[in-house]
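Here is how the chains run, residue by residue.
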Amino acid sequence: MIHTAFPSDLKAAKYRIREIVEGAGLDTYEVIFEVLDYKTINSIAAYQGFPTRYPHWRWGMEFNRLTKGYAYGLQTIYELVINNDPCYAYLLQSNEMITQKMVMAHVYGHCDFFKNNMWFSHTNRKMMDEMANHASRVRSLMARFGQDKVEEFIDVCLSLENLVDVHAGGIRRTPRTEKNGAGTDQSDGVPRLRAKSYMEDYINPPEFIVAQRASMEGKERRSKQFPSEPVRDVMAFLVEHAPAEPWQREILEIVREEALYFAPQGQTKIMNEGWASYWHSTLMTTEILDDAEIVDYAQKHAGVTANSGRQVNPYKIGIELFRDIEDRWDRGRFGVDYEMCDSFEERRDWDRHLGLGREKIFEVRRLYNDVTFIDEFLTEDFCRRNNFFSFSYNSSAERYEIESREFKRIKERLLFSLTNMGNPLIDVIDANHRNRGELLLQHRFEGTVLDLDKAIATLKNLYRVWSRPVHIASRSEKKDFVLSFDGEEITEE
Amino acid sequence: MSKIERDAARFRHIVKGRIRKELKQYMSRGELFGKKGKDVISIPLPEIDIPRFRFGTGGSGGVGQGDGEPGQPVGPGEGGQPGPAGEDEGQHVLEVDVSLDELAEILGEELELPRIEPKGAKSITATYRRYSGIRRVGPEGLRHFKRTYRESLKRQIMAGTFDPKKPIFTPIREDRRYRSWVDVVHPEFNAAIVYMMDVSGSMGDEQKEIVRIESFWIDTWLRAQYKELETRYIIHDAVAHEVDRETFFHTRESGGTRISSAYTKAAEIIGANYPPQDWNIYLFHFSDGDNWGGGDTEVCLEILKSRLVPDANLFGYGQVQSPYGSGQFIKDLRHQFSSDEKVVLSDIQGRDGIHGSIKEFLGKGN
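Scoring rules and cut-offs
- Residues numbered from 1 in each chain as written.
- Chains lettered and ligands numbered in written order.
- Predicted model: local features only at pLDDT ≥ 70, side-chain atom pairs only at ≥ 80, totals over all residues.
- Helix = DSSP H or I, 4+ residues; strand = E, 2+ residues; numbered from the N terminus.
- Buried ≥ 20, exposed ≤ 12 C-beta atoms within 10 Å, placed from the backbone.
- Contact = placed C-beta atoms within 7 Å.
- Pairing = 2+ DSSP bridges.
- Axes fitted to C-alpha atoms, helices over the stretch in contact; angles between N-to-C directions.
- Domains from an automatic or database assignment.
- Nonpolar A, V, L, I, M, F, W, Y, C, P; charged D, E, K, R; others polar.
- Core = buried A, V, L, I, M, F, W, Y, C linked by C-beta atoms within 7 Å.
- Expected span 1.5 Å × (residues − 1).
- Bend = angle between axes of the 7 residues up to and from the residue.
- Parallel < 35°, antiparallel > 145°, perpendicular 65-115°, else oblique.
- Left-handed = near helix turned anticlockwise from the far one by under 90°.
- pLDDT = per-residue confidence, 0-100.

## A word on the overall build of chain A
Then, in step 1: Helix and strand counts for chain A come out as 20 helices and 12 strands.
Then, in step 2: Expressed as lengths along the three principal axes of its C-alpha atoms, the size of chain A is roughly 85 × 70 × 50 Å.
Then, in step 3: Here chain A holds 493 residues, and 39% of them are scored as buried.
Then, in step 4: Of the contacts made within chain A by residues no fewer than 6 positions apart, 70% connect residues no fewer than 24 positions apart.

## Digging into the overall build of chain B
Then, in step 1: When you go through chain B residue by residue, the secondary structure sums to 10 helices and 12 strands.
Then, in step 2: Across the 366 residues in chain B, those meeting the buried criterion constitute 36%.

## Considerations on the sheet that holds strand S1 (residues 31–36) of chain A
Residues and elements named next belong to chain A.
Then, in step 1: Strands sit in the order S1-S3-S2 across an open sheet of 3 strands; the sheet is mixed. Strand pairing shows two members of the sheet lacking a second neighbour, S1 and strand S2 (79–82), which therefore form its edges. Sheet twist, expressed as the mean angle between neighbouring strand axes with direction ignored, is 20°.
Then, in step 2: Bridging between S1 and strand S3 (residues 87–92) involves 6 bridges; their strand directions are parallel. Bridge pairing links Leu 36 to Leu 92 in S3.

## Notes on the interface of chain B and chain A
Put simply, an interface is often sized by how much accessible area is lost when its parts join up.
Then, in step 1: With 43 residues of chain B at the contact, the number on the chain A side is 63 residues.
Then, in step 2: Within the residue set of the side of chain B that touches chain A, elements represented by two or more residues are helix H1 (3–27), strand S2 (62–65) and strand S3 (73–74) of chain B.
Then, in step 3: Per-element tally for the side of chain B that touches chain A: the top contributor is H1 of chain B, with 8 residues.
Then, in step 4: Note: strand S7 (residues 399–404) of chain A against S3 of chain B, 2 bridges, orientation antiparallel. Each residue of the ladder has a partner; that of Tyr 400 of chain A, found in S3 of chain B, is Val 74 of chain B.

## A look at the domain arrangement of chain A
All names here are of chain A.
Then, in step 1: With domains assigned, chain A is organised as domain 1 (8–117 + 268–300), domain 2 (309–419) and domain 3 (423–492).
Then, in step 2: A C-alpha centroid distance of 27 Å is found between domain 1 and domain 2.
Then, in step 3: In this assembly, 14 residues from domain 1 lie in contact with 15 residues from domain 2.
Then, in step 4: Within the residue set of the side of domain 1 that touches domain 2, elements represented by two or more residues are helix H4 (97–116) and helix H11 (269–288).
Then, in step 5: The element that contributes the greatest number of residues to the side of domain 1 that touches domain 2 is H11, accounting for 9 residues.
Then, in step 6: Residue composition of the side of domain 1 that touches domain 2, grouped by class: 5 nonpolar, 7 polar and 2 charged.

## Considering the nonpolar core
Then, in step 1: Ranked by internal contacts, the top residues of the largest apolar core, which has 189 residues, are Ala 105 of chain A together with Tyr 282 of chain B.
Then, in step 2: For this core, the element with the highest residue contribution is H4 of chain A, accounting for 10 residues.
Then, in step 3: Not counting the four nearest positions on each side in its chain, Tyr 282 of chain B is found in contact with Ala 191, Ala 192, Ile 193, Leu 222, Ala 312, Asn 313 and Leu 314 of chain B.

## A word on H1 of chain B
All names here are of chain B.
Then, in step 1: The terminal C-alpha atoms of H1 lie 34 Å apart, and with 25 residues this matches the ideal 36 Å at 1.5 Å per residue to within 8%.
Then, in step 2: Along H1, the sharpest change in direction is near 55° and occurs at Lys 21.
Then, in step 3: The set of residues buried in H1 consists of Ile 4, Asp 7, Ala 8, Phe 11, Ile 14, Val 15, Ile 19, Tyr 26 and Met 27.

## Some points on the packing of helix H9 (residues 234–241) of chain A against helix H10 (residues 246–267) of chain A
When two helices pack together, their arrangement is given by the angle between the helix axes and by the axis-to-axis distance.
Residues and elements named next belong to chain A.
Then, in step 1: Packing of H9 against H10 brings their axes to within 9 Å, and their N-to-C directions diverge by 160°. With respect to their mutual orientation, H9 and H10 come out roughly antiparallel. The two elements H9 and H10 cross, and the hand of that crossing is left-handed. Touching Met 235, Ala 236, Leu 238 and Val 239 of H9 are Arg 249, Leu 252, Glu 253 and Arg 256, all from H10.
Then, in step 2: Residue composition of the contact of H9 with H10, grouped by class: 5 nonpolar, no polar and 3 charged.

## Digging into the pairing of strand S6 (residues 388–394) of chain A
Working note: regular strand, side chains alternate between the two faces of the sheet.
Then, in step 1: Where S6 of chain A meets S2 of chain B, 4 bridges bridge the pair, whose relative direction is antiparallel. When the bridges of S2 of chain B are listed, Phe 391 of chain A appears paired with Gly 62 of chain B.
Then, in step 2: Bridge count for S6 of chain A against S7 of chain A is 5 bridges, and the pairing is antiparallel. Its bridge partner being in S7 of chain A, Ser 390 of chain A is matched across the sheet by Ser 404 of chain A.
Then, in step 3: The loop that links S6 of chain A with its antiparallel partner S7 of chain A comprises 4 residues; one of these, Glu 398 of chain A, has a positive phi angle of about 55°.

## A word on the sheet that holds strand S8 (residues 426–433) of chain A
The pairing of strands in a sheet happens through backbone hydrogen bonds and is either parallel or antiparallel.
Residues and elements named next belong to chain A.
Then, in step 1: Read from one edge of the open sheet, 5 strands run S8-S9-S10-S11-S12, paired in mixed fashion. Two strands lie at the open edges of the sheet, namely S8 and strand S12 (490–492), each paired on one side alone. Between one strand and the next, the sheet's axes are offset by a mean angle of 20°, whatever the strand orientation.
Then, in step 2: Of the strand pairs in this sheet, S8 and strand S9 (residues 438–443) are connected by 5 bridges, and their pairing is antiparallel.

## Concerning unusual backbone geometry
All names here are of chain A.
Then, in step 1: Note the cis peptide between Asp 85 and Pro 86, where omega equals 0°.
Then, in step 2: Phi at Gln 48 takes a positive value of approximately 55°, unusual for a residue other than glycine.
Then, in step 3: Locating Gln 48 in the fold gives a position in the loop between helix H2 (38–46) and helix H3 (57–71).
Then, in step 4: In this structure, Asn 387 is a non-glycine residue whose phi angle is positive, near 60°.
Then, in step 5: Within the element layout of this structure, Asn 387 appears in the loop between helix H18 (380–385) and S6.

## Focus: the environment of Pro 167 of chain B
Then, in step 1: Note on placement: Pro 167 of chain B falls in the loop between helix H4 (145–159) and strand S6 (178–187).
Then, in step 2: Along the sequence, Pro 167 of chain B and Leu 153 of chain B sit 14 residues apart, while their C-alpha atoms lie 9.1 Å from each other.

## Structural notes on the environment of Ile 50 of chain B
Then, in step 1: Counting through the fold element by element, Ile 50 of chain B comes out in the loop between strand S1 (40–44) and S2.
Then, in step 2: By the C-beta count within 10 Å, which is 18 here, Ile 50 of chain B ends up partly exposed.
Then, in step 3: Setting aside its immediate chain neighbours within four residues, Ile 50 of chain B contacts Asp 155, Leu 158 and Ser 159 of chain A.

## Details of the confidence of the model for chain B
All names here are of chain B.
Then, in step 1: Chain-level pLDDT for chain B is 81 on average; 87% of the residues reach the 70-or-more range.
Then, in step 2: A low-confidence stretch, residues 78–91 stays under pLDDT 50, and its non-local contacts, those more than four residues away or across chains, total 42 contacts.
Then, in step 3: Confidence estimates for the predicted assembly give a pTM of 0.76 and an ipTM of 0.82.

Here it is, written out as C-alpha cells:
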C-alpha cells in the first residue's frame, strides 16, 4: 500500500463532509482517503482499485493506456473508490480543494450505495485482503509452475470470466429435492393433484394428465442428462467438473470470485453513479460550499454530468432519474389516479404535497439494480424531456442510425443493453454431448448475433480448460448453428 | 521497479513476443507503417486482447440523447451504451505502440542481424551540456532558488535568528548556490542512405510496394544503429532525378531503362554531400533487372567499381521479379562482384521474399 500524508486541510474537509453526509442520512463504512500523484493513481486504476493484485500483463497495458490518456489531456481520473470495509478512496493530488470536496462527497455517496444496496450484500467487504491473498497464491503458483504457464492460464480463465451468474450470490439454482403438491398415487406414475374421487375428473382433467406426463418424461430424459438443468454459472461448472489440474482449478476460482465481486458494480452503474452524483450535488450546493466556491463547483459538476456528443452519460441519466423520482414522490405523481389522468394541465400542476421523495429514493437505492431501476422508473415524460432516442445498426449503410423516438423502443433498447451487463446469456446444457464427454454451451438468442471471431477464440480457450471438444449453439440472422472446436479445427454446422 | 512497472514491462515483453512471432507476416504486409509517428509505430495486435463471448458488430443498438431524426447516422463514439457495456467494448482493433528502436531490436534478434561496426574515425563528436552539479559562483540566471533558500535557512537557524512564526529569508552572498554543468562528449556516427529505383514501365505497383516495405525495414534497422540518418531518393528510367520520398514511391514512367543514369546521380550526391571519411554510406538499388543494351551495363559496372563501391559501406541491389523484366542485370553484377564483401545482391521473389532479402542486405554487418 502506498501511504501518503493526508494534508490537514483535506482532513478538516473530510470530517466536515462526513458530518454533513451522516446528517443527511447516508450510512457509510469508514472511508480512508489516500492522496496520490497521477502516476500512482493511474497505476491503482489499472489494478481496478486494488494495489495488491496478482501480477498480470493486462494491468500494464491498462496503465499505459491511462498514462497516455493523461499525457494527451484526454482524461483525468477524478476519483477512485473501492467497495471494502473500510472503504478506500483515492484523490488526485493535483486537484484543487473544491474538486477534492466534491469528490469526497461523491465518494461518500458511493460508499453508502455499496453498503446498502442489496445487490452488493454478498460481496466480500474484506476484498482488499482477499485480493492480496489471491496475489500471493498466484505468485507462489508462478514460482512453482513458471510465470508464462500460469499467466497464460489466467488469460484463458479471463476469457470466460463473463460466463458467471451475476445472481449467484442470491439464488439457489440447483433444484432442491422434489416436494410439491402433486402426489404419485396412481399406478401409471403420472403425478396428479390430490382429489376426492368424485372431484378427480375436475381437478385432474385429461389435458392436465397429458401435460403432466409430458413434463414427467421431459424430466426423466433430462435427469439422464448432465447437467439436468441448464447452468448459467459456466465458470462454477468448470471449477467443479472440468478435468483441470488443482492449480488450474485454483486460478479458475480466483478469476470467478473476482468477477463476481465486480459484477454488482456492473449491474448498478447508472444507479451507483446517479446516487453519488445526486448526493454530491445536493450537499455541495446546500451545505458544503461557501459562496465564493459555487461558480467553480458548478463548472466542475457540469463537466461530470455532461453528455459527450449524443452519448448517454450514466452519471447524468442516474442523477436525473433520482431527482425525478424524488419529485414524483414529493408531489404524489404516481399511482393509478395520476396515470389515469389525461388532462395536460392537471398532470402538469399535480401536487399532493406528500413529501415522500427522500424516503422513496432511499428505498430505491436499497432494492433496485439498473435493469429494475430503468424498468420501473423510466417514464415516457422523462424520456421525452431528456430527448432520448434509440439507435441501431444499419447493415446496408454500415453505420449506426437513429432508429426511433418511441418510448417503448427506447426502453427496450436500454433494458437490453443492461441485461446481464450487456453480455450474451450463455448456459452449459450438456457436459456429455454426443455421449463423448464433450461440452455444449447454448447461447440464448434474443435477436443479437455473437461476434464470430471472438467466439472462435473464446471456444479455443474453453477447450484448454475442458480438454475435450467444446461446442456452442447459437443463431445467426435466420439459422441455428453449432460452432465446435475439437482441439485442431473449428467447424460450423 | 515498482509493481505496475513490472506489469508494464511484462506487457511489453508479451507484445514483443507476439510481434516476433508474426514478424515474417508483418514484413510482407505494408499496413505496418501506415501508422507511423516520429519514434513509434502503432501495430494492430487484436490477438493480444482477451477474447470473450460477446455480441457482434451492430450489436443490439442502444440509446442516445440529443437531436436528430430517425435514419440519421450516429457518429462513432456516440450513443454508447450506458453501463459497463459501453465502457470497454470499443469495436476498434487494439493497437499497441512500439518504438522504432524496439522494432529494430526485434528485427535484429529475429533475423540474427549483426551490430554494425561503424567505419571511420570517431571524427564526428557531439558535445552535450548536462547540468548536474551545484557551485557557489555563477551567473544569476543559473541561481538555484531552492538550494539558496535552504542555505539561508540553515544559516539563520544556526545563528538563532530564525523565527518560525515569521519566516523571513534574506539570502546573503554566501548563501547563493548556482547550477553547474559538465560537458559530455559523445562520439557520433552519421549515415546516409541513397535509395535508387527503376520506375520504368515494367515496374508495377506491386513491385513498388515491395520496395517500399524493404526500405522501411532497412531504415528501421539503420536508424537504430546510427544517430543521424539521412535518406535520399533517386528514380530513374532512361534519365535519373532526385525526388522526395512521396514521389519516389508514387511515380510511374513509361520510358526505357538506363541504370547508369541513377548511378551517376548517386555518385554526384555523395560527392557533394557525404565525404566518405565522415559518413557511413548505404546504397540500395531496386529494379526488375532490365537494362538497355548499347553498353550501358558496362558503364554501370564501371561507376560501381571506381566510385560507388569504394565509398560505400554497402551497395545493395534488389531485383524485384516482374512479369516484364528479363532479370539480366543481377547476373551481370554477380559476375563482376561475386567476391566483394560490400556488394549484396538479392533476388526478391514477391512479398514472401522480403524477409530473406532484408536478411541478406543487413546480415553482413557492414
